Amino acid sequence: MTTVATDAPVSVAGQSRLRMAQVLFGAALCLALAKGLLPDAMIRLPEAWVLPFADWFNAVFNFMRDDLGLVHVTRAFADGLDWFLDVTANLLYGKNRWPRIGPIPWSVIAVTAAIVGYALNGWRLAALSGLTFVWIAVMGQWQWAMETLSVILIAAPVSVLLGLVMGTLAWRSARFRAVLNPLLNVAQSLPHFAYMIPVVVFVGVGPKAGAIVTIIFSVPPMIRMTLLGLQKVPTEVIEAGQMAAATPWQLLRHVRLPTARTEILVGVNQVIMQCLAMVVLASFIGMPGLGQKLLQLLQALKIGRSFEIGITIVLLAVMLDRCSKAWAMKQPVHMEKGTPWAVRHRLLLIWVFATVVLWGLSLIFPLLHEIGRREALSLADPLDVAMDWIIATLDPVTQWLRWFLIVWVLIPLRDGMLWLPVSAVLVFLMAVGWAVGGRRSALICLAYFGLIALSGWWDRAMITVYTVTFSVFIATLIGFPLGIWGSRSDRRAKTVLLVCDTLQTFPSFIYLIPVIMLFGVNDVAVVGAVVLFAAVPLIRYTIEGLRGVPDAQIEAADMSGATRKQTLWSVRLPLALPTIMVGVNQSVMFSLFMVIIAAFIGTQDLGQEMQRALSSSDVGKGMVLGLAVAFMGLMVDHLVTVWATRRRKALGLG
Amino acid sequence: MTDQKPVISCRNVWKMFGPQPEAYLAGLDPAASFEAIRADGYVPAVRNVSLDIAKGEMLVIMGLSGSGKSTLVRCMSRLLDITGGAIEVEGHVIGDLSERQLIDLRRNKMGMVFQSFGLLPHRTVLDNVAFPLEMRGQDIHARRARAMEVIELVGLGGREDYFPRELSGGQQQRVGIARSLAIEPDIWFLDEPFSALDPLIRREMQDEFLRLQEMLGKTIVFITHDFDEALRLADRIAIMKDGAVEQIDRPDRIVMEPATPYVAKFTEEIEKARVVHASALAGPVNGLSLSGDAVDGSKTISQLARLLVNDERSILPVAGPDGGVIGALDKQRALDVLFGEAQ
Amino acid sequence: MRITSLLSASALALASVTAAQAQDSSDPIVIPTHNWSSQIVMSHVVGQIFESMGNSVEYVSTDSQAVYESVRLGDVTLELEVWEGAFGPAFEAAMEKGGLHDVGDHNAVTREDWWYPMWTKEACPGLPSWEALNECAALFATPETGDKGRFLGGPVDWLKHDQERVDALGMDFVVVNAGSASALWAEVGSAERDRRPVVIFNWTPNFVEALYPGEFVEFPEYVDGCKDDPAVGPNPEMTYDCGNPANGYLKKAAWDGMEEKWPAAYATLKNISFTNPQIAEMAKLVDIDELEPEDAAAEWLEQNEAIWKPWVDGGA
């Protein structure tokens, strides 16, 4: 009874919110049912109302490029970056640029990587780093991998540095933070393609453009994590630093940043993941290497070989991630005074020796210098056979599934979405907003989708909405049970999360071809590809949410005589729900990204238009389409955040 | 104590939190009540505090949480800038120091220990302790040698390569103490250093702390909300409430003669016999005839309990530190302290 | 290996290219590559020819439409396959802005249009006329297009304006854009299993011709202005009411600064001209024989010295 009493004030507000929401739901329903009676303007916005956002963007863009001459600034910056890119490119694959000493033989690089790995964290990391490069060389991917790496080795540190600097600035200045925050929100939900067009104009094509687009995409999470980390440093640690008489700079360098290390490392990890995620996408504007090769191979339906490249990308991601973590955790080794130079620099000497020997050997045995495609091993044949077998086996099922889904689910759904009057959709979204967060949320929902309606891309946006909604629904059906299963024991959780990580790093493009082969060029293939991607965060957050439920609550349930099932449904799931909803939120974000990429299968939504805008270098159109997608993501993000925050508070989870 | 210039001297110190504290303070009646200030949207964390701390003295600042004691000590170390009044440390008005001078002062004079330790999680014990030395640019070998010295001093020898997370709470606080001592400060601030620890460990750390203090003889400002701890350690106690100092005095005087009802309430539950020393309770000799052995004036009444109960004299001589009689103890008064006033 | 081949190549070049010509800049010539095989191989063939002349060459993968902007700005030096149908407008628009120019045609005729494999004709005997195709639209229906026929177009960034044509000619077809060329071939391949009628986007010269015999659909003949002027063509109100040019050009384009900077390479570029069979063979080396583009180019050069040697010598 006491609980009722304490809940009372909450539920009064809640009830009035729900009543308003019900009214709006009713209104939306009426609007939909009375479609025939509605004036045309309420079904679709009349042409005259559509605002020429694209023209405005183009005008601003042209002004910045021509009148402000920003293009000279960006190009000068890009040329500076290009100098660094040329150095790594020369060293790694012998591009004809200063310092003209490359290409370094693969055996030397592999040994260098192994020694760096050893110096950072011992034998295991040495093995991982060394063997990654051996794999690349032996699979005959050396040239491409080095092309990719030559860009990442510049882009990733630049991103980390930029993120640190901007994160620190944002932490110091509330005003800067206020400007930055909405920008980051949009940047993180804007599809990759929207960035590419401006980059082509402002930077040009080639590795530098690839590097810059990669940097643009990987900086936001770094900024956020730096800011978060700095804000979380305990006051006493800072005071201790002040009392140790650290200058402000020393305080930042020795106290704040290192103490924020955990968050910053998450940021670095995200940078690396984003860099490798961009490997394929950036090849659209001239980033050389694995991504470009992967696309070429996929165009020719060479699944096995593109899989090999996918494995390489995952290996590189894991290796770079582990190395950067180990580096950040590394403690300086203390040598007694008077330790001989040779002992203090033992590893350096070993490295110099190994380099000289291997370089020398590689002049005699060219195989140690580079392994050509002809001498290389390949797993492609067995992989292709396996893939063929899978497709042949699944074919009868997928044929039926394809027919069933298209005729009975997808087409009715899509037609339904397209049939709905704009006004009904907007009122419905307001109802959802009101139910979740009251008037403010309702207005936010209205603003986001109202802008989409005003942009004139309503129908295509609805197709995107339908694809994403259905995909997330299916992903929930898959991810939720898997997550519950995975949360049962530490070992399972670890395994499942490892698979999730791998799936997420694996280039999304590789999923596209198998789903086309299974389902053909249609929406089923699109949904299939999106689901593969969207299920990952759902699984991850379900596991984390369920495992994060405090032991005391579970023990209390056990002592109340609840069965395992009862505990799950009455205790664990309700408590984990806020976290799981964050997973749903991420799942929507991932789906939005993937649905745009799925344009390569063939879609009729915003993604297809975006591809078109990319080809015609139409900045304004690309931005409008990108923002339309971003707004969908931001709306869901807002709703889920508001809901989860309230729910957490109600559950006393802080 | 009065013959020397105080090491730290606070004069009408105010620390106000709020939108425009300086302007508000300027127009404020100094006698304004805590509630009145709060009603104006300001928080007077430190309210018109004046006190002096002598060289070598241990001042314990006590109060409930929110009473302003941590803020006051942060004003003394200028981790916070004060809103009004002045604080002098060794004759310098610290509010007027430039950043450079402040850093120099901290590098050479001040050490501080924190309630939740404030250790740098990414540094080993040794590197944490050496941190202040590193900040002042000491060479690596010298600072490691010095850090090892203090680590040995706090009894953590052998654990210098551990990370804070690998140590127990008590051990972590020893690191904190070692760090604050590394630069050999003259002034030592301790902000509730033992309150995050288990009672047993706390006791042990207090003993350890007394041992160190005896050895080092520093000027100490010690914050606690635990009266027992204050009584064990303090030369003088300042009791704070709502940002103001209610009373500042020797422990037995606080117990015997509370200045305000708040202090009285605060000390109500205290077993006075354990606090009050024979010397403090002793009256002037004034021609009283004293016979027999003198009791040790530095003992508390509770330590003298058995003796007092069994002694047949009604007035007992009290001996000072040098053995000479310094006063006369009325046995009945002592027994009242021991068993409570007869109703 | 790379170094040695480069060294020997440049030594050769020093011997063959006399110093009579003004020296080419040592800056690399930047050649763009796109996402279809013949273009990639051709780019490498030409690149390797330039390398044999002592130039340094770099390849950059770019989008096939956006590339003209880059050529114009000198970010890339040339473009080897300007297909009239697909890239004519982008190319001409860039020429208008200035910065690049036409360096002559290949000796090849291109055609890109709706195409069907021969077995489709069995079900729809009226082909290749587009009216007949439209009457058989139901044959091409798939679950997702309902009772309308499905036309599987190329990736949207090829800008084929198929949807505009369907609208302009009032056809009962739905344009479904495949995401990539391989999706097109996969579709034809799977259709072959049960001889299902399909109509897809295709072009010539192309290696697919050898695998699946087929024909282009005959649309109203292309006339100038049909794509811009509604009045031209059968539908007076809409543009794109015609087929693509049946004998389109295949051009080379170069940055205006190329002639001055790399005179020898530019002279060679002017001479370069590939024929339909040669282009088809280059594509085949990659798509069927599974060679790497670089290796395919090397092999082609080795086997066809008689063809390319005169381009170099003629330029000198």
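Rules and cut-offs
- Residues numbered from 1 in each chain as written.
- Chains lettered and ligands numbered in written order.
- Predicted model: local features only at pLDDT ≥ 70, side-chain atom pairs only at ≥ 80, totals over all residues.
- Heavy atoms only, no water.
- Axes fitted to C-alpha atoms, helices over the stretch in contact; angles between N-to-C directions.
- Helix = DSSP H or I, 4+ residues; strand = E, 2+ residues; numbered from the N terminus.
- Parallel < 35°, antiparallel > 145°, perpendicular 65-115°, else oblique.
- Left-handed = near helix turned anticlockwise from the far one by under 90°.
- Contact = heavy atoms within 4.5 Å.
- Nonpolar A, V, L, I, M, F, W, Y, C, P; charged D, E, K, R; others polar.
- Buried area = accessible area lost by both parts, 1.4 Å probe.
- Salt bridge = Lys/Arg side-chain N within 4 Å of Asp/Glu carboxyl O.
- Polar contact = N/O pair within 3.5 Å; in protein donor to acceptor, adjacent residues only side chain to side chain.
- Buried < 20%, exposed > 50% of the residue type's maximum accessible area, 1.4 Å probe, protein only.
- Disulfide = S-S within 2.5 Å.
- Domains from an automatic or database assignment.

Undergrad: Outline the packing of helix H5 (residues 106–121) of chain A against helix H17 (residues 346–364) of chain A, listing residues and values.
TA: Residues and elements named next belong to chain A. Where H5 meets H17, the closest approach of the two axes is 9 Å, and the angle between their N-to-C directions is 165°. Considered as vectors, H5 and H17 are oriented roughly antiparallel to each other. Viewed along their axes, H5 and H17 form a crossing whose handedness is right-handed. Facing H5, whose interface residues are Ser107, Val108, Val111, Thr112, Ile115, Tyr118 and Ala119, H17 presents Leu347, Ile350, Trp351, Ala354, Thr355, Leu358 and Trp359. Tallied by class, the residues present in the contact of H5 with H17 amount to 11 nonpolar, 3 polar and no charged.

Undergrad: Account for the interface of chain B and chain A, with residues named and values stated.
TA: Taken together, the contact pairs 32 residues of chain B with 23 residues of chain A. Counting the surface lost from both chain B and chain A, the interface buries some 2,300 Å², and carbon and sulfur atoms represent 62% of this. Of all residues in chain B, His122, Met135 and His141 of chain B bury the most surface against chain A, accounting for 24% of the area lost on that side. Of the charged contacts, one joins Arg74 of chain B and Glu236 of chain A as a salt bridge, the two residues approaching to 3.9 Å between their closest N and O atoms. Between the two partners, chain B and chain A, sit 9 residue pairs in polar contact (both at pLDDT 80 or more). Secondary structure elements with two or more residues in the side of chain B that touches chain A: helix H4 (99–108), strand S6 (110–113), helix H5 (125–135), helix H6 (140–153) and strand S7 (187–191) of chain B. When residues of the side of chain B that touches chain A are assigned to their parent elements, the largest contribution, 5 residues, is made by H4 of chain B. Looking at the side of chain B that touches chain A, its residues break down into 15 nonpolar, 7 polar and 10 charged.

Undergrad: Tell me what's going on with the pattern of salt bridges, and back it up with residues and numbers.
TA: This structure, assessed with the given rule, holds 48 salt bridges over all chains. Linking Lys208 of chain A and Asp79 of chain A is a salt bridge whose minimum nitrogen-to-oxygen distance equals 3.4 Å. Remark: Asp79 of chain A occurs in helix H4 (residues 70–93) and Lys208 of chain A occurs in helix H10 (residues 207–232); sequence separation between them is 129 residues. A relative accessible area of 11% means that Lys208 of chain A is categorised as buried. Its salt-bridge partner being Glu204 of chain B, residue Arg174 of chain B comes within 3.1 Å of it at the nearest N-O pair. With Arg174 of chain B in helix H7 (residues 169–181) and Glu204 of chain B in helix H8 (residues 199–216), the pair connects residues that are 30 residues apart, well separated along the chain. You can call Arg174 of chain B buried: its relative accessible area is 12%. One continuous salt-bridge network, built from bridges that share partners, spans Glu236 and Glu239 of chain A together with Arg74 and Asp191 of chain B.

Undergrad: Which residues make up the packing of helix H18 (residues 380–419) of chain A against helix H23 (residues 523–547) of chain A, and what values do they have?
TA: Residue and element names in this part refer to chain A. Between H18 and H23, the least distance of the axes is 10 Å, while the angle of their chain directions is 90°. By the angle class used here, H18 and H23 are roughly perpendicular. Contacts from Arg402, Leu405, Ile406, Leu410 and Arg414 in H18 reach Asp523, Val524 and Val527 in H23. Residues of the contact of H18 with H23, tallied by class, amount to 5 nonpolar, no polar and 3 charged.

Undergrad: Explain the arrangement of the chains to me, and be specific about the residues and the numbers.
TA: Here 2 pairs of chains make contact, and the pair sharing the most contacts is chains A and C. Taking C-alpha atoms only, the smallest gap left between chain B and chain C, which are not in contact, amounts to 44 Å.

Undergrad: Can you break down the state of the cysteines residue by residue, with the values?
TA: Cysteine pairs can be linked by a disulfide, which is a covalent bond between their two sulfur atoms. All names here are of chain C. A complete count under the given rule lists 2 disulfides over all chains for this structure. Paired by a disulfide, Cys124 and Cys136 hold their sulfur atoms 1.9 Å apart. Taking the sign of the torsion about the S-S bond as the criterion, the disulfide between Cys124 and Cys136, at about 80°, is right-handed. Here the residue Cys124 occupies a position in the loop between helix H5 (119–123) and helix H6 (130–135), and Cys136 occupies one in the loop between H6 and strand S6 (149–153), the gap between them amounting to 12 residues. What makes Cys124 buried here is its relative accessible area of 0%. Owing to a relative accessible area of 16%, Cys136 belongs among the buried residues under this scheme.

Undergrad: Give a detailed account of the domain arrangement of chain A, specifying residues and quantitative values.
TA: How big an interface is tends to be stated in terms of the accessible area lost upon association of its parts. Residue and element names in this part refer to chain A. Examined at the domain level, chain A breaks down into domain 1 (12–43 + 422–455), domain 2 (157–315) and domain 3 (386–419 + 457–651). Centre-to-centre separation of domain 2 and domain 3, based on C-alpha positions: 24 Å. Across the interface of domain 2 and domain 3, roughly 2,600 Å² is buried in total on both sides, 91% from carbon and sulfur atoms. Taken together, the connections running from domain 2 to domain 3 amount to 0 salt bridges. Counting across the interface, domain 2 meets domain 3 through 0 residue pairs in polar contact (both at pLDDT 80 or more). The set of elements that each furnish at least two residues to the side of domain 2 that touches domain 3 consists of helix H8 (174–189), helix H9 (192–203), helix H13 (261–281), helix H14 (290–299) and helix H15 (303–329).

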